[in-house]
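Now for the letters of each chain:
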Amino acid sequence: MTLRNTAAAPSPLVSPSKSRASVPRLRTRKAPSIDRPRRSIWLTVVSAVVLIYAILPLVWLLISSTKTQDDLLSTFGFTFGNSFALFENIANTLTYDDGIFVRWFANTLLYVVVGAGGATLLAVMGGYGLAKFTFRGKKAIFAVVIGAVAVPGTALAVPTFLMFSQVGITNTPWSVIIPSLISPFGLYLMWTFASQAVPTELLEAARMDGSSEFRTFWQVALPLLAPGTVTVLLFTTVATWNNYFLPLIMLRDPQWYPLTVGLNAWNAQASTVGGQAIFDLVVTGSLLTIVPLIVAFLLLQRFWQSGLAAGSVKE
Amino acid sequence: MLVFAVVFIAPIVYSLYISLFRAQLVGDTQFVGFDNYVQAFTDAQFWSGVGRVSLFLVIQVPIMLGIAMVVALAIDSARLYGKDFLRIAVFMPYAVPAVVAALMWGFMYGPRFGLVGYVNDFFGWSLPNLLTPEWILLAIGNIVTWSFVGYNMLIFYSSLRTIPTSLYEAAELDGASQSHIIRHIKLPAIRGSIAVATIFSVIGSFQLFNEPSILQSIAPNAISTYFTPNLYAYNLSFSGQQYNYAAAVAIIMGVITMVVAYVVQLRGIRKDES
């Protein structure tokens, strides 16, 4: 296992340029037993069913976002409507209500960059520190981290809200960013990753050569930690980007909404009395919300897959 | 570095501490002691929520993990056409926010411009309207399954790939069949991942909030304000202004979640040893 991960460590040097799903895997393991396994039609069919299940809603979303609201309500979901209104829809989405969608998008970006970026930085440093230094109370910290992984963010959200409202920072971006900074799972992942990917001898050698702790971290350890870092970054990004509960309770002012809360507000608008139904905007907005993440996952797949493998090794 | 670690851990401990303390502190303002907790333990609405998520857990989690496992084994067996594409595509829903997932499926379920209505018209079937009280849990289960199958699949798959090939070769020499290999090598080897995936799924089920909360605006009649414990806590604090009680509910739920997760973990470990 250790071998695998140290072998995986240099992979950031490999250019992630060929980003399509059909990228040939490096180090693809040959068939379990026989060199050339026969391909199984039956297994492929089973998997194809799951595949269709996974993709169908996304296809629906894509097709629906090309429709006007009338078509959306009156034509079959998987055929194109009488109109092709994708670009009008996008334009409408971006300009509706003085461009509030753009504002939400910017908010989401802010929360992701500061929240997820900060969480990743803390997780990398903390994980490295925990993996490569011995000190008293380490066992206790390990227990706390494992415990914290099991405590879901939603359970903390209401108490956190009460705490923040005492301090008076609800309804500000900070109320969303600060809780996002802590990622026990990211810390745990970096911890296991760092203990495998960074050889202690290397650190000792660096220290012998008179490198400061700080410099050792930045110049020796960090490059080795890159795959794990990208993984943690992606997962904290997803968690922040998709977060709904926390901003929902923290924020009252639509100006500070992230996309998720904003979209739901649009959707709920239809069911309030006198509200204008804007399903076409909800659908198109949904599409615009998921595209950046999907692109990020596709572009960075090589990194997060090796990182995730490292996280699941330690058991 | 040591300082860094401590500085980093402190907020976790602190927020845990505060979160546990807050309810009692707020209670202290007009001291009620454990009244909130007593109230919660005798609250029929709270327990109906707990019952609902437990039912959800018992049915949805095994199905989801089962599908994830089959796909992971299928990809790992290298007997598929287009496995790279499959792996990515099945994982994709994970990147879709719960809000978008719930809205999409909600629209598709919907009788107004949903697919269910069309399928009914087209084939002359009478599929049930999933947005009714009887079916809504199934509808939510489907959304959650859709969102997380790929994620769990990837966890299983990555850990399957760490099994040394030599084991398979040895098994092959001994004349083991594929099903033997799966049962006696693959599944035991990834038991740790199975435990992790199960724990996360259990936590997710108990903390169910997003999907029902969002579907509520699409299907207001099917989802009550106490549909899940989290939704209940939310509605208590933000519609009912009962912050203290809401905090008690949230903490009880957190404790229940941790206990169940812990039990699952213990069972996983015990299996490891035997």
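Residues numbered from 1 in each chain as written. Chains lettered and ligands numbered in written order. Predicted model: local features only at pLDDT ≥ 70, side-chain atom pairs only at ≥ 80, totals over all residues. Heavy atoms only, no water.

As annotated in an unreviewed UniProt entry, chain B carries the name Carbohydrate ABC transporter membrane protein 1 (CUT1 family) and is attributed to Glaciihabitans tibetensis. The Subcellular location (unreviewed entry) field of the UniProt record for chain B holds the comment "Cell membrane". Listed in UniProt under the heading Sequence similarities (unreviewed entry), the comment for chain B reads: "Belongs to the binding-protein-dependent transport system permease family." (UniProt positions renumbered as here; feature names shortened; annotations may be inferred.)

Per an unreviewed UniProt entry, chain A goes by Carbohydrate ABC transporter membrane protein 2 (CUT1 family) and derives from Glaciihabitans tibetensis. Here is the UniProt Subcellular location (unreviewed entry) comment for chain A, exactly as written: "Cell membrane". Its UniProt record gives chain A the following Sequence similarities (unreviewed entry) comment, quoted word for word: "Belongs to the binding-protein-dependent transport system permease family."

A. Inspection of the UniProt feature "transmembrane region" (unreviewed entry) in chain A at higher detail. Residues and elements named next belong to chain A. Per the UniProt entry, the sites bearing "transmembrane region" (unreviewed entry) are residues 40-63, 104-128, 140-164, 176-195, 216-241 and 277-300 in this numbering. Strand forms 0% of residues 104-128 and helix 100%; the C-alpha atoms that close the span are 35 Å apart. The annotated region residues 176-195 carries 85% helix and 0% strand content, and the separation between its end C-alpha atoms amounts to 31 Å. (Helix = DSSP H or I, 4+ residues; strand = E, 2+ residues; numbered from the N terminus.)

B. Layout of the packing of helix 7 (residues 136-160) of chain B against helix 10 (residues 191-206) of chain B. Residues and elements named next belong to chain B. Close contact between helix 7 and helix 10 brings their axes to 9 Å; oriented N to C, the two are set at 165°. In terms of axis orientation, helix 7 runs roughly antiparallel to helix 10. Every pair of crossing elements has a handedness; the one defined by helix 7 and helix 10 is right-handed. Side by side, helix 7 and helix 10 meet where Asn-152, Ile-155, Phe-156 and Ser-159 of the first sit next to Ser-193, Ile-194, Ala-197 and Ser-201 of the second. For the contact of helix 7 with helix 10, the residue count by class is four nonpolar, four polar and no charged. (Axes fitted to C-alpha atoms, helices over the stretch in contact; angles between N-to-C directions. Parallel < 35°, antiparallel > 145°, perpendicular 65-115°, else oblique. Left-handed = near helix turned anticlockwise from the far one by under 90°. Contact = heavy atoms within 4.5 Å. Nonpolar A, V, L, I, M, F, W, Y, C, P; charged D, E, K, R; others polar.)

C. Geometry of the UniProt feature "transmembrane region" (unreviewed entry) in chain B. All names here are of chain B. UniProt's entry tags residues 53-73, 85-108, 135-157, 189-209 and 245-264 with the feature "transmembrane region" (unreviewed entry), counted in the numbering of this structure. End-to-end, the C-alpha atoms of residues 53-73 are 29 Å apart, and along that stretch the chain is 100% helix and 0% strand. Annotated as 81% helix and 0% strand, the span residues 189-209 places its first and last C-alpha atoms 34 Å apart.

D. How the structure looks around the side chain of Gln-60 of chain B. Residue and element names in this part refer to chain B. Structurally, the position occupied by Gln-60 is in helix 3 (residues 44-76). For Gln-60, a relative accessible area of 5% translates into the label buried. At 3.3 Å, the side chain of Gln-60 and the side chain of Thr-145 are in polar contact. Beyond its immediate chain neighbours, meaning those up to four positions away, Gln-60 contacts Gly-141, Val-144, Thr-145 and Ser-205. (Buried < 20%, exposed > 50% of the residue type's maximum accessible area, 1.4 Å probe, protein only. Polar contact = N/O pair within 3.5 Å; in protein donor to acceptor, adjacent residues only side chain to side chain.)

E. Region of the structure containing the confidence of the model for chain B. The share of residues in chain B with pLDDT of 70 or more is 65%, and the mean pLDDT across the chain is 71. Across chain B, helix 3 of chain B holds the top mean pLDDT of 83, while helix 1 (residues 2-29) of chain B sits lowest at 47. (pLDDT = per-residue confidence, 0-100.)

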